[in-house]
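Coordinate inspection notes
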Amino acid sequence: MTMKKTYSQSTLALHAGYEFDTQRTISVPIYQNTAYSFENLQQAKARFGLEELGNIYSRLTNPTVDILQRRLASVEGGAFAVCTSSGSAALFYALVNCAQNGDNVIYSNKIYGGSQTLFCHTLKRFGIEARVFDIDDIENSLPKVIDSNTKAIFFESLSNPQISIADVEKITQIAKKHQIISICDNTVATPFLHHPFEFGVDVVTHSLSKYVNGQGNALGGIIIERDGLNAFIKGNARYGAFNTPDASYHGLVYADLDLPIFSIRVLIEWLRNIGATLSPQNAWLILQGLETLNLRITQHSQNALKVAEFLEQHSNIGEVSYPGLSKNPYYPLLKKYFKNSYASGLLSFEAKDYEHAQSICNHVEIFKIVANLGDSKSLIIHPASTTHSQLNADELKDAGITPSTVRLSIGLECAQDLIEDLKQAIEK
Ligand SMILES: *Cc1c(COP(=O)(O)O)cnc(C)c1O
C-alpha cells in the first residue's frame, strides 16, 4: 500500500510498502526467485535503459526485499531505500557511493568495531583516506579535518560499544556548510527512538541484524536517503560521479534522472557489480521483526533502565554507562534527540577488576555470552578478552574500554529476573 505520510510510524511498520497481489495474502509473500520474465523484448530494453523501472534480476531487485525497503524508508521518514546482505555491506556501499580513490571520508571516534576497521584499514586499500573526529568535541575537531576532497561524514546516533549519543545537529550543520553528505548509523537507536533525518542527516544506514530483526535469526542492512537529497547532490562539485557520464552504464548521468539518485547508484553500481544483496528469506524474517519493533524497543529500553539502576547502586560495581541514567553525561542529548528519553538496550559497567568481569560472565544463567546485540534474549560479553582483544592498552582506552568493562545487551525477559541473575553472579 502506498500510505499517506500522516500515519504514525507504528502503523507504517505494519502496512507500508505492501500491495496485495492476486492472492491477497495478509503475510508478505516470499518471492523466492532469481530472474523475471519480460512481456516482450521492448519491455526488457526499457528496463535495462531505466525508462521503465521494474524487476530484471534479484541481485538488483526482488519484490519481498522491495517491500522491506519501502516499509523501512517510510518508517524512517526517508525518500527511498536499498537493502544489502548485512549492515557492514550497507555502510561500505554508502561510503563508496560518495568517495573514490584519492578522496577522504571522516568518521566519529566512537563507532562499532567492524566499522572502525573498515575506515582504518579496508578503505585505505581502495585509496580512500579516513580521518577521525571527536564526537564529544565536534566544533573543534570536525572542521579541522575537512578539505576539498572530503566526501562523507559518518557517525552513529547511539554508539556501540561506548554507548554515547551524538549531537546530531552540530554535525549536520557543519556538513551542510561544506556541502558534504552526512551518514548516520541508526542501528542501536532504531527509527522508533531517534529520527536522524529530522536533524539534517542525508543518509541513514542500519544493520537490520540487530533490533529490527530482533531475534538473532537473519543478517541484513539498509541504506536510506532523505527527501531532497537529489537537489543537494546535483551540481555539487564534490560529487562528480553523480554529475558526469558513467562509462559503466552507457554514459548515464545520475543527476539527470528523475529518481532518487543516491539509491539508484547503489543499485546500479554496487549491487549490480558487487552483489551483497539481501535474500528474500532474510527480508521476510526482518519484516516480521519490524512489525513489533516499536513494542520491543520500548521494552528493551525500560528493562535496561531498571538493570542500570540496580547496577548503579551495587557496591561491587563501578561506573555504569547508560544514557538513560540522569547522571550520565549524555542524558541531556538523550532528552533532546530520543523519544521518551528511551535509550535502547545496550549498557556497560565496570566490574571490580579483570577477574571479576570474567567471573560475572561465567556465573550468569539467563544472560548468554554472545558477541551481538539487539536480540530478544539478554546477552553479555567481556570486550577486553573478546571483541576488543586485538587492541593494545592505549587503543582500549581510546575505545572507552577497560579490562574490567562488561557489556550487556538487555533482552525482553522479566527485568527482575535479569537483576537477580546479575546480582548472584556479581556477588559470587
Ligand atoms: C552490528 C553492527 C553493524 C554491522 O552490521 P552486520 O549486519 O553485522 O554486518 C554496523 N553498525 C552497528 C552499530 C552494529 O551494531
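Scroll up to find the structure this text is about.
Notes on the structure in this doc start here. (Residues numbered from 1 in each chain as written. Predicted model: local features only at pLDDT ≥ 70, side-chain atom pairs only at ≥ 80, totals over all residues. Heavy atoms only, no water.)

**Brief notes about empty space enclosed by the protein**
Empty pockets left among the atoms are what a rolling probe the size of a water molecule brings to light. Going by this rule: Using protein atoms alone on a 1 Å grid, points that fit a 1.4 Å probe yet trap it form a cavity, whereas open point sets bounded by protein on both sides within 12 Å along at least five of seven lines form a pocket; residues with an atom within 4 Å of a point count as lining. Grid points are joined across faces, edges and corners, and a volume is the space filled by probe spheres set on the points.
Enumeration according to the criterion identifies one cavity of 30 Å³ or more in this entry. In this structure, the largest cavity spans a volume of roughly 40 Å³. Around the largest cavity, the lining residues are S58, R59, L60, T61, N62, V65, Q69, C83, L271, T277 and L278.

**Overview of the packing of aromatic side chains**
To keep things clear, this is the line we draw: A pair of aromatic rings is counted whenever rings of Phe, Tyr or Trp (Trp by its six-membered ring) have centres within 6.5 Å, and the orientation is called stacked for planes under 30 degrees apart, edge-to-face for over 60 and tilted otherwise. The classification of residues rests on relative accessible area computed with a 1.4 Å probe and restricted to protein chains. Under 20% of the type maximum is buried, over 50% is exposed, and intermediate values are partly exposed.
Tallied over the full model, the rule gives nine aromatic pairs. Look at F92 and Y93: their rings are 6.2 Å apart centre to centre, the planes differ by 50°, and that puts the pair in the tilted class. An identical accessibility class is assigned to F92 and Y93; each is buried. Judged by centre distance (6.1 Å) and plane angle (10°), the rings of F242 and F262 are stacked.

**A word on helix α7 (residues 168-177)**
Inclusion rule: Think of it this way: any DSSP run of H or I at least four residues long counts as a helix, any run of E at least two long counts as a strand, and we number them from the N terminus. This arc is taken over the directions from the axis of the helix to the C-beta atoms. Here a residue-residue contact requires only that any non-hydrogen atoms of the pair lie within 4.5 Å.
The complete set of buried residues in α7 reads V168, I171, T172, I174 and A175. Each buried residue of α7 sits inside an arc of 160° when the element is viewed along its axis, so together they form one side. Opposite the packed face of α7, turned more than 90 degrees from it, sit the exposed residues Q173 and K177. Among the structural elements, β3 (129-133), α6 (138-141), β4 (150-156), β5 (181-185) and α12 (331-337) are those in contact with the buried residues of α7.

**Here's the deal with the site of the ligand**
This is how the line gets drawn: Near, as used in this document, describes a residue that has one of its heavy atoms within 4 Å of the molecule or strand being considered. Definition of a polar contact: a pair of N or O atoms within 3.5 Å, with one able to donate and the other able to accept a hydrogen when the atoms are protein atoms, and with sequence-neighbouring residues admitted only if both atoms are side-chain atoms. Throughout, the Shrake-Rupley method with a 1.4 Å probe supplies accessible areas, and for residues the shown protein chains are the sole cover considered. For a cavity or pocket, the test is whether more than half of a molecule's atoms lie within 2 Å of its grid points; if they do, the molecule sits there.
Taken together, 13 residues surround the ligand, and among them G87, D185, S207, S209 and K210 come closest. At 3.1 Å from an oxygen atom of the ligand is found a side-chain nitrogen or oxygen belonging to N160. Relative to its free-state accessible area of 380 Å², the ligand is covered by the protein chains to the extent of 93%. Judged by the fraction of its atoms near the pocket grid, the ligand is located in the second largest pocket.

**A look at the layout of surface pockets**
Filter applied, for reference: Residues are grouped as follows: Ala, Val, Leu, Ile, Met, Phe, Trp, Tyr, Cys and Pro are nonpolar; Asp, Glu, Lys and Arg are charged; all remaining types, including Gly, are polar.
Here the second largest pocket defines a volume of roughly 990 Å³. Looking at the second largest pocket, it is lined by 45 residues, and the ones nearest its centre are I111, Y112, G113, G114 and Q116. Mapped by element, the contributors of at least two residues to the lining of the second largest pocket are α4 (87-98), β2 (104-108), α5 (113-125), β6 (203-207) and α14 (393-398). No other element matches the seven residues that α5 contributes to the lining of the second largest pocket. Split by residue class, the lining of the second largest pocket holds 16 nonpolar, 23 polar and six charged.

**Some words on the side chain of Q69**
On the secondary structure map, Q69 appears in helix α3 (residues 63-76). The class for Q69 is buried, based on a relative accessible area of 9%. At a separation of 2.9 Å, a polar atom in the side chain of Q69 contacts the main-chain amide nitrogen of C83. Leaving out residues up to four positions away in the same chain, Q69 has contacts with A81, V82, C83 and I222.

**Details of the nonpolar core**
Condition: As used in this record, nonpolar core signifies buried Ala, Val, Leu, Ile, Met, Phe, Trp, Tyr and Cys residues forming a set joined through side-chain atoms within 4.5 Å.
Counting residues in each nonpolar core, the largest one holds 132 residues, and the members touching the most others are L68, F262, L311, L347 and L408. The biggest single contributor to this core is helix α11 (residues 280-312), with eleven residues. Contact partners of L68, with chain neighbours within four places excluded, come to C83, L208, I222, L278, A283, I286, L287 and L290.

**Details of the sheet that holds strand β7 (residues 221-225)**
As a reminder, the rule being used: If DSSP finds at least two bridges between two strands, the strands pair. Orientation is described by lines fitted to C-alpha atoms, with helices fitted over the stretch in contact, and by angles between N-to-C directions that extend from 0 to 180 degrees.
In space, the seven strands of this open sheet follow the order β1-β7-β6-β5-β4-β2-β3, with mixed pairing throughout. On the outer flanks of this sheet lie β1 (80-84) and β3, each paired with one strand and no other. Looking at each pair of strands side by side, their axes are set apart by 20° on average, direction ignored. In this sheet, β4 lies alongside β2 in parallel orientation, the contact comprising four bridges.

**Here's the deal with the packing of α4 against helix α10 (residues 261-273)**
Note the cut-off: Any angle from 65 to 115 degrees is called roughly perpendicular, while one under 35 is roughly parallel, one over 145 is roughly antiparallel, and all others are oblique.
Where α4 contacts α10, the axes come no closer than 10 Å and their chain directions differ by 105°. The orientation of α4 with respect to α10, classified from their angle, is roughly perpendicular. Contact residues: Y93, A94, V96, N97 and C98 in α4; F262, R265, V266, W270 and L271 in α10. Of the residues contributing to the contact of α4 with α10, the split by class is eight nonpolar, one polar and one charged.

**With respect to the sheet that holds strand β10 (residues 368-369)**
Pairing within the open sheet is mixed, and its five strands lie in the order β8-β9-β12-β11-β10. For this open sheet the edge positions go to β8 (320-321) and β10, each flanked by a neighbour on one side alone. With five bridges connecting them, strand β9 (residues 346-350) and strand β12 (residues 405-409) associate as antiparallel partners. Bridge pairing in β12 links E350 to T405. Seen against the sheet, α11 touches β8, β9 and β12 and runs at an angle of roughly 10° to β9.

**Description of the environment of Y342**
Secondary-structure assignment places Y342 in the loop between α12 and β9. With 45 residues separating them in the primary sequence, Y342 and I297 have C-alpha atoms 8.5 Å apart. Side chain to side chain, Y342 and Q302 meet in a polar contact 3.0 Å long.

**Let's talk about the pattern of salt bridges**
So the rule is basically this: We count a salt bridge whenever a side-chain nitrogen from Lys or Arg sits within 4 Å of a carboxyl oxygen from Asp or Glu.
Throughout the structure, instances matching the rule amount to 14 salt bridges. When the shortest N-O distance is used, the salt bridge between R70 and D66 registers 2.8 Å. With R70 and D66 both in helix α3 and four residues apart, this pair spans about one turn of that helix. Judged by its relative accessible area of 25%, D66 is partly exposed. When salt bridges with common partners are traced through the structure, they connect E129, R131 and D147 into a single cluster.

That's the geometry; what it means functionally is another story.
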